[in-house]
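The residues making up each chain are set out below.
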Amino acid sequence: MTGASWGLLAAFLAVLLALAWPLGLVIAKLLEAEGGRGRLERGFHRLCGIDAQQQMGWLHYTLALVSFNAIGALAVYALQRTQAWLPLNPQHFANVSADSSFNTALSFVTNTDWQGYAGESTMSHLTQMLGLAVQNFLSAATGIAVAIALIRGFARHSAKTIGNVWVDLTRIVVGLLLPLSVVFALVLCSQGVVQSLAPFRTVATVEQTNYDAPVLDAQGQPARDSRGNALTAPAIASTQTLPTGPVASQEAIKMLGTNGGGVFNANSAHPYENPTALTDFLQMLAIFLIPAALCFTFGHVVKDPRQGWTILGAMTVLFVAGAIAAMAFEQQGNPQFAALGVDQAHGALQAGGNMEGKETRFGIAASGLFAAVTTAASCGAVNAMHDSFTALGGLVPLVNMQLGEVVFGGVGSGLYGMLVFAILAVFIAGLMIGRTPEYLGKKIEAHEMKMSSIAILVTPLLVLVGTAIAVTLDAGRAAIANPGAHGFSELLYALTSAANNNGSAFAGVSVDTPFWNVLLAVAMWFGRFAVIVPVMAMAGSLAAKKKLAGGAGTLPTHGPLFASLLVGTVLLVGLLNYVPALALGPVVEHLLLWK
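Bear in mind that the values here come from a model prediction, so they are computed numbers and not experimental data.

Just to check I follow, could you spell out unusual backbone geometry for this structure?
Excluding glycine, residues mostly carry a negative phi; peptide bonds, for their part, are mostly trans. At Asp113, a position not held by glycine, the phi torsion is positive, near 60°. Position of Asp113 among the secondary structure elements: in the loop between helix H4 (98–109) and helix H5 (125–155). For Asp113, a relative accessible area of 2% puts it in the buried group. Phi angles above zero are rare outside glycine, and Ser158 is one such case at about 55°. The residue Ser158 is located in the loop between H5 and helix H6 (165–190) in this model.

Would you explain H4 in this entry?
Because each turn of an α-helix spans 3.6 residues, side chains separated by three or four positions end up pointing in the same direction. For H4, which comprises 12 residues, the first-to-last C-alpha distance of 17 Å matches the rise-based estimate of 16 Å (1.5 Å per residue) to within 8%. Within H4, 10 of the 12 residues are buried, which leaves it mostly tucked inside the rest of the structure. When H4 is considered as a whole, its buried residues turn out to be Asp99, Ser100, Ser101, Asn103, Thr104, Ala105, Leu106, Ser107, Phe108 and Val109. Packed against the buried residues of H4 are helix H3 (58–82), H5 and helix H17 (514–544).

Help me understand the packing of aromatic side chains in this model?
The geometry of an aromatic ring pair comes down to the distance between the two centres and the angle between the two planes. Enumeration according to the criterion identifies 16 aromatic pairs in this entry. Note on Phe93 and Phe200: the rings are 6.3 Å apart at their centroids and 65° apart in plane angle, and the pair reads as edge-to-face. In this pair, Phe93 sits in the loop between H3 and H4 while Phe200 sits in the loop between H6 and strand E1 (201–214), placing the two residues 107 residues apart along the sequence. Centroid distance Trp525 to Phe529: 4.4 Å. Interplanar angle 45°. Geometry classified as tilted.

Honestly, the nonpolar core in this entry has me stumped. Any pointers?
The nonpolar side chains of a soluble globular protein tend to be buried, and buried together. Ranked by internal contacts, the top residues of the largest apolar core, which has 154 residues, are Phe319 and Tyr439. Sorting elements by how many residues they give to this core places H17 first, with 17 residues. Among all residues touching Phe319, those that are not within four sequence positions of it are Leu9, Phe12, Leu13, Phe288, Leu369, Ala372, Val373, Ala376, Val407 and Phe408. By size, the runner-up hydrophobic cluster in this structure holds 7 residues, among which are Ala105, Phe108, Met123 and Leu132.

Any chance you could explain the pairing of E1 here in plain terms?
Both faces of the sheet carry side chains from a regular strand, because those side chains alternate between them. Summarising burial for E1: 1 of the 14 residues are buried, a small minority. Where E1 and strand E2 (residues 232–242) come together, 10 bridges link them in antiparallel fashion. Paired with Asp212 across the strands is Pro234, a residue of E2.

When you look at the packing of helix H2 (residues 39–48) against H6 in this model, what are you seeing that I'm missing?
When two helices pack together, their arrangement is given by the angle between the helix axes and by the axis-to-axis distance. At a minimum axis distance of 12 Å, the contact between H2 and H6 shows a crossing angle of 130°. Taken together, H2 and H6 sit at an angle that is classed as oblique. Like other packed secondary-structure pairs, H2 and H6 cross with a definite hand, here right-handed. For the pair formed by H2 and H6, the contact residues are Glu41, Phe44 and His45 on the first element and Val167, Thr170 and Arg171 on the second. Split into classes, the residues belonging to the contact of H2 with H6 amount to 2 nonpolar, 2 polar and 2 charged.

Rules behind the numbers
Residues numbered from 1 in each chain as written. Predicted model: local features only at pLDDT ≥ 70, side-chain atom pairs only at ≥ 80, totals over all residues. Heavy atoms only, no water. Helix = DSSP H or I, 4+ residues; strand = E, 2+ residues; numbered from the N terminus. Buried < 20%, exposed > 50% of the residue type's maximum accessible area, 1.4 Å probe, protein only. Expected span 1.5 Å × (residues − 1). Contact = heavy atoms within 4.5 Å. Phe/Tyr/Trp six-rings, centres within 6.5 Å; stacked < 30°, edge-to-face > 60°. Core = buried A, V, L, I, M, F, W, Y, C linked by side-chain atoms within 4.5 Å. Pairing = 2+ DSSP bridges. Axes fitted to C-alpha atoms, helices over the stretch in contact; angles between N-to-C directions. Parallel < 35°, antiparallel > 145°, perpendicular 65-115°, else oblique. Left-handed = near helix turned anticlockwise from the far one by under 90°. Nonpolar A, V, L, I, M, F, W, Y, C, P; charged D, E, K, R; others polar.

So this is what it looks like as structure tokens:
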């Protein structure tokens, strides 16, 4: 790694910590108060028929949350299927196909934001704003609400309730996500991010471009000669279409809510979404801001800040290791270029490292760090093409997701995922010392371990079974553009991203087909809610338990020792499921590349 890489990483962590600590305390105060507070909140609750004083048990809370998200999925699906007849469609885009609409609806509702389409050529302004951007807020609020419910499970004792889902969602959206998004959107606009409802603009280019355009037959398909070769004709391009749209407003919540779905196909590599080095740095901070802040919220609510610092410390150790690896592997470059005498410096290293698929305005350090951030969190936004990373450079984002998206993770989902691993860690420690495991004064018994096991194992099951189905069927293999080890990595990455609700992709795989749209949609839905349900069941069980006083034999769950145990548990349990699959993909590709 270069000195610039070390400096960027250090500055990122320092600024993140300075912003996350006060925000965590604000979140705790926002969600700790009981019932409706303030005239505006009480009026909104009355308008919606919400009894703010009603406390819900875990089952009531969970059913309401899942039903709310299911209704949201139906709304987004309907909006896509009818956008051609609705306003704010200046480019007159057609209705989206049924399978793509199904995939996109579940994608944005589950906070995945997987996109099998190009946004600037598919979605109207109305669909972007009313459908996708709204779900960016609501899916983020869902994850935070589940995390808060689990925190209450630890904080309360002998209680049958864990809060009111409607009060929580309202406060999270209106009191947290919306204010942060407005401020961040204005900052992005000041740096050149587009915000417009106008039609796309066609402008004259400085120079004309001569190229060979494909000849189309009467059906609009590429025409071919008698040998099957595509026919082309000389053409001249003297104009260019510049896409616009409500970008800044969606970009803000896309990052703050760890959603990741961009208005443009190139996502945060597009200059209209991420124009400068400053916006790039701020977008990375926005991705980690709320996940890091929730660690401090956790410590404040359970009345032991050391617990929050321990969780944050474990996350940071895992993240720093991945970030250093990503930047270092990309700095090494491609050894085959060195063998050809192309851009050779320092032996087998390229002078500029592996710049394929990266923006020159960001470079390798910012691209590698962004890749580590967006996959350590379940964001999925990209400022470089992960498919163009080196074999081991691409392994880093893949591993970050396969750890269960707990290295900071998504807003809310990262914290409740790491707390599930913390419960497993104290159980393992209890087995080693022969004591009943306890965490924050609550006994960890059979019910908690069953729910933890389900929450941890459901995503590996979806990833590995889904990948096996994809490589077995012709419809799955047809998506591969790069046969061999890298092609397998592309399929593994797609299922890993979907089931872990990340949304990024190795873009060499073409998945906008009915088979892939349905397969990935199923993985996204169950990857989200098959984890949320057991977590909520744990929250209810823990809230009902009595709080035990710690004794001399109680395992301390704060400090470096427990943080090390937690990191080891995440690596041992979270990653080992995938080692054989990783060996068939990026590991083999690396060995072939350096043979």
